[in-house]
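The residues making up each chain are set out below.
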Amino acid sequence: MRETRDGVRVDKFSSSASADSDPLVLDIDDFKGEFSFDGLFGNLVNEILPSYQEEESDAAEGHDALPNGNLRTPPDAGKSAQGMSSPLFPEVDDLLSLFKNSCKQLVDLRKQIDGKLNNLKKEVAVQDTTHRKTLSELEKGVDGLFDSFARLDLRISSVGQTAAKIGDHLQSADAQREVASQTIELIKYLMEFNSSPGDLMELSPLFSDDSRVAEAASIAQKLRSFAEDDIGRQSMTISSGVGNATASRGLEVAVANLQEYCNELENRLLARFDAASQKRELSTMRECAKILSQFNRGTSAMQHYVGLCPMFDVEVMNADAELVLGDQGAQPSPSNVARGLSSIFKEITETVRKEAATIAAVFPSPNDVMSILVQRVLEDRVPKLLEKLLLKPSLVSAPPMEEGGLILYLRLLAVAYEKTQELARDLRGVGCGDLDVEGLTESLFLPHKDIYIEYEQASLRQLYKAKMEELRTEGQQSSESSGTIGRSKGASMASSHQQISVTVVTEFVRWNEEAVSRCTLFSSQPAAVAANVRAVFTCLLDQVSIYITEGLERARDSLTEAAALRERFVLGTSVSRRAEAAAAAGESSFRSFMVAVQRCGSSVAIVQQYFANSISRLLLPVDGAHAASCEEMATAMSSAEGAAYKGLQQCIETVMAEVERILSTEQKATDYRSPDDGIAPDHRPTQACSKVVAYLSRVLESAFTALEGLNKQAFLTELGNRLHKGLLNHWQKFTFNASGGLRLKRDITEYGEFVRSFNAPSVDEKFEQLGIMANVFIVAPESLSTLFEGTPSIRKDAQRFIQLREDYKSAKLAARLSSLWPSSS
């Protein structure tokens, strides 16, 4: 009997069976599935060793287990083992027999398995050979099948191409048949038109049926094209001289009748279009426009529609002029014109926008219609308004400033140009097809822009002339209002009213800025802008140069008048009221000229600043324009510089004349030759010196304020030198004793301290030398030889001073000096 244990089947046998009884039978099936050698071994020995396993278990309980898993043997175990008479493992023989039997069976099983494996290998080899042969045959069959498919595909492609060619031929034949049919119909219609000249009553019903207008229009256009082509071919044949004998009469009658019919049909469609337009029947309008598009691409319908727009009525255009120009005969204001143009152009833009919606719904080519509409706006409505607004004045006889002058025309031109440009941009935004709106807008102003710069220059000259007239009128009114005042005083006041005004120069600059803004507005090319700006800026230079030069000349006239009064009334050393009035006039004219110089400098600075901020950047695109303008500016100001230089020289003459008058009237002979009466010397400056210094301090206050930089330094240096020379000449008139020398030295110190405010080192040095030379009146005669040992350059002037000593003759100083300074004698 067999039993399966742990997946391996074994035959049970008794523990008492002998080794030769073959207790175990192994089968190949025992090794199939999940085979386990440990399970096989357990099945072999478990039935033979049951009692031994129990004894082993009991023995394990009697021994202590060691940490490594071994059993600790009791001390008396050896003794008990020695006392045992039976063998330790009595089943060893059974197991050995069993193992031998099992090994034999396993060897037999391996042989059986090896035999079966060899048989299987042979069968596999045979099957593989058969399979390879089958695959080879299948590959040959597949290749043949592919070849068949290729031939079939080629055949199908050939048949398809043939069918396509047949289809093309059939389609072409059908098209030719259709063309032939249409041609037959067209020839029949053409014969109708070519049969009776001027008679359209015998035509087919097609050409008179209102329901078939579109078809009739299409056929009529085809007939016209055919007939005109035929006439053209005949003309070429006749002109070449070939076949002219057989040339037929042609289709001139047909062309004439077709043209007459097309005109009649076009008029009929336009009438229907107008009626539908009055009723706002967009569908009918669209139908008529579509049919009319066959006649000259629908141009007549487009122009007809645009021509009927109410925005081009004469009444509307007259209302435009009234809105912009205001009351008839009134002078238009640029601000009012700007508002009027904005209102009108806004209304035009809105009207065009509304028309654009209708045009898009009616016409097949709305862009073409929009182009015609916008072109009509810019060639009809806007030009008629500009024609009434921009009346170009004459440059020969310009309108007076009371009527606005040339500047009014230029301002209106600028306003109209700006607003028209805005209108062009708005119309471009609404839509105008391919129309060149910008170029068309520019063409409106070409007659004005061609000679624009001449009007700008003439306007600036007119403004300048009007301003000068205004200033002269104000000066005359001021002069007349001072009729009771003395002549000199009145002249001075009249001159003061005509003083250079920085406000006036600022007004010149403001005119120029406005003109430059128009230059940049009207000129799109940088080179043209630079040329116009330079021409305008040159006008400013001329105006400022003439204005400030004339102002300086008027201030110089005051100095000249004061000098004439001084020479007339200052006689000798007498003091009179008229002499004082002349002196006051001189001082007033001095201050007036200094104010003129100051304002002249401020005016030039304003022009230079304006050039740097606004003009120079506009001149850069043209090579050399900036440098040329700088040179022009320097040249223009040179005349003013010359007048200022001459005036400053006259100022110095005026001051020195008054200084000499004060010295001649106030300086006493006793000032420098006080008697030795035992009274302590007076260390104060003389009265003449104090008055001269007071006068100079008062009158030069305006010079310190008016002059700057090198101009100030040059003027004060020249004045200091003249004062030094004048004082030298003045002191030559007096005789000095020792106490008078001390008084002179005090005067020189006073003068020196005053001229130190001039910041002129050369003048300071001269007055220091005067102080040294004054010592010749103080030292003893024997000390004169050593007085100028360190400053030999002033010996000559010192000798002149020595001659003024009170003891010059008594001390025989002439002989003494000739022996000491022989080279100076």
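An unreviewed UniProt entry annotates the chain as Exocyst complex component SEC10b-like isoform X2 originating from Nicotiana tabacum.

The subject of this paragraph is the overall build of the chain. A count of helical and extended segments in the chain gives 26 helices and four strands. Within the span of the chain, comprising 825 residues, buried residues form 38% of the whole. Contacts in the chain between residues far apart in sequence, at least 24 positions, make up 77% of those at least 6 positions apart. Within the structure as shown, the chain displays about 46500 Å² of accessible surface, and the carbon and sulfur contribution to it stands at 53%.

We now examine a nonpolar patch on the surface. On the surface, F31, F35, F37, F41, F99 and L106 cluster together to form a nonpolar patch covering roughly 540 Å² of accessible area. Among the elements of the structure, α1 (37-45) and α4 (92-195) are those that each provide at least two residues to the nonpolar patch. Counting through the fold element by element, F37 comes out in helix α1. Judged by its relative accessible area of 56%, F37 is exposed.

So, on to unusual backbone geometry. Backbone geometry places N759, a non-glycine residue, at a positive phi of 55°. Note on placement: N759 falls in the loop between α22 (738-755) and α23 (761-773). Look at N759 and you get exposed, because its relative accessible area is 60%.

Under the defined criterion, the tally for this structure stands at 25 salt bridges. Taking the shortest distance from any N to any O, the salt bridge between E587 and R591 comes out at 2.6 Å. With E587 and R591 both in helix α18 (residues 577-619), this residue pair falls four residues apart, about one helical turn. A single network of salt bridges, built from pairs that share partners, joins R411, E456, E514 and R518.

One finds F363, L552, L700, F715 and W731 to be the most contacted residues of the largest nonpolar core, which totals 166 residues. Apart from residues no more than four positions distant in its own chain, L700 is found in contact with F590, F715, L719, F754 and F758. Listed in part, the eight residues of the second largest apolar core include L26, L44, V45 and L95.

Before going further, it helps to examine α18. In this model α18 runs 60 Å from its N-terminal to its C-terminal C-alpha over 43 residues, within 8% of the 63 Å that 1.5 Å per residue would give. At A612, α18 shows its largest kink, close to 45°.

Moving on to the packing of aromatic side chains. Within this structure, the stated rule accounts for 18 aromatic pairs. Ring centres of Y452 and F522 lie 4.9 Å apart, and the angle between their planes is 75°; this geometry places the pair in the edge-to-face category. Placement of Y452 in helix α14 (residues 452-481) and of F522 in helix α16 (residues 502-522) is noted, with a sequence separation of 70 residues between them. Each member of the pair, Y452 as well as F522, carries the same accessibility label: buried. Judged by centre distance (6.2 Å) and plane angle (40°), the ring pair of F537 and Y610 falls under tilted. One end of the pair, F537, is in helix α17 (residues 526-569); the other, Y610, is in helix α18, and 73 residues separate them in sequence. Overall, the relative accessible area of 0% leaves F537 in the buried class. Clustering of aromatic rings is evident, with ring pairs tying together Y672, F734, F736, F777 and F801. Over the ring of F312 we find R376; its NZ or CZ atom is 4.5 Å from the centre of that ring.

Right, let's get into the packing of helix α9 (residues 314-325) against helix α10 (residues 334-362). Interaxial distance between α9 and α10 falls to 7 Å at its minimum, and their mutual angle equals 150°. Facing α9, whose interface residues are D320, L323 and V324, α10 presents V337, G340, L341, S343 and I344. Looking at the contact of α9 with α10, its residues break down into five nonpolar, two polar and one charged.

What follows covers the side chain of S616. Of note, S616 is situated in helix α18. A polar contact is formed between the side chain of S616 and the backbone oxygen of A612, at a distance of 3.1 Å. Sequence-distant contacts of S616, defined by excluding residues within four places in its chain, comprise F611 and H626.

A separate point is the packing of helix α19 (residues 625-666) against helix α20 (residues 687-706). Here α19 crosses α20 at 160°, and the two axes come no closer than 9 Å. Taken as axis vectors, α19 and α20 run roughly antiparallel relative to one another. You can see that α19 and α20 cross each other, and the crossing is right-handed. Residues T654, V655, E658, V659, I662, L663 and E666 of α19 lie in contact with α20, whose contacting residues are Q687, A688, K691, V692, Y695, L696 and V699. For the contact of α19 with α20, the residue count by class is nine nonpolar, two polar and three charged.

What follows deals with helix α8 (residues 299-307). Residues that lie three or four places apart on an α-helix share one face, since the helix turns once every 3.6 residues. Taken together, the buried positions of α8 are A301, M302, Y305 and V306. Along α8, the residues classed as buried sweep out an arc of 130° about the axis, all on the same side.

Counting all residues, the mean pLDDT for the chain is 79, and 74% of those residues have values of 70 or more. Mean pLDDT per element in the chain: strand β1 (residues 2-5) is the minimum at 42, and α16 is the maximum at 94. For residues 239-248, every residue scores under 50 in pLDDT, and the model assigns this stretch five contacts once sequence neighbours within four places are set aside.

This brings us to the environment of T134. With respect to the element layout, T134 can be found in helix α4. For T134, a relative accessible area of 37% translates into the label partly exposed. A distance of 2.9 Å separates the side chain of T134 from the backbone oxygen of T130, its partner in a polar contact.

Further remarks concern the environment of K766. Residue position: K766 is located in helix α23. Note: C-alpha distance between K766 and I794 (28 residues apart in sequence) is 9.9 Å.

What counts, and at which threshold
- Residues numbered from 1 in each chain as written.
- Predicted model: local features only at pLDDT ≥ 70, side-chain atom pairs only at ≥ 80, totals over all residues.
- Heavy atoms only, no water.
- Helix = DSSP H or I, 4+ residues; strand = E, 2+ residues; numbered from the N terminus.
- Buried < 20%, exposed > 50% of the residue type's maximum accessible area, 1.4 Å probe, protein only.
- Contact = heavy atoms within 4.5 Å.
- Areas by Shrake-Rupley, 256 points an atom, 1.4 Å probe, with all protein chains shown as cover.
- Patch = residues over 30% accessible without salt bridge, like charges linked within 9 Å, V, L, I, M, F, W, Y side chains within 5 Å.
- Salt bridge = Lys/Arg side-chain N within 4 Å of Asp/Glu carboxyl O.
- Core = buried A, V, L, I, M, F, W, Y, C linked by side-chain atoms within 4.5 Å.
- Expected span 1.5 Å × (residues − 1).
- Bend = angle between axes of the 7 residues up to and from the residue.
- Phe/Tyr/Trp six-rings, centres within 6.5 Å; stacked < 30°, edge-to-face > 60°.
- Lys NZ or Arg CZ within 6 Å of the ring centre and 35° of its normal.
- Axes fitted to C-alpha atoms, helices over the stretch in contact; angles between N-to-C directions.
- Nonpolar A, V, L, I, M, F, W, Y, C, P; charged D, E, K, R; others polar.
- Polar contact = N/O pair within 3.5 Å; in protein donor to acceptor, adjacent residues only side chain to side chain.
- Parallel < 35°, antiparallel > 145°, perpendicular 65-115°, else oblique.
- Left-handed = near helix turned anticlockwise from the far one by under 90°.
- Arc of directions from axis to C-beta.
- pLDDT = per-residue confidence, 0-100.

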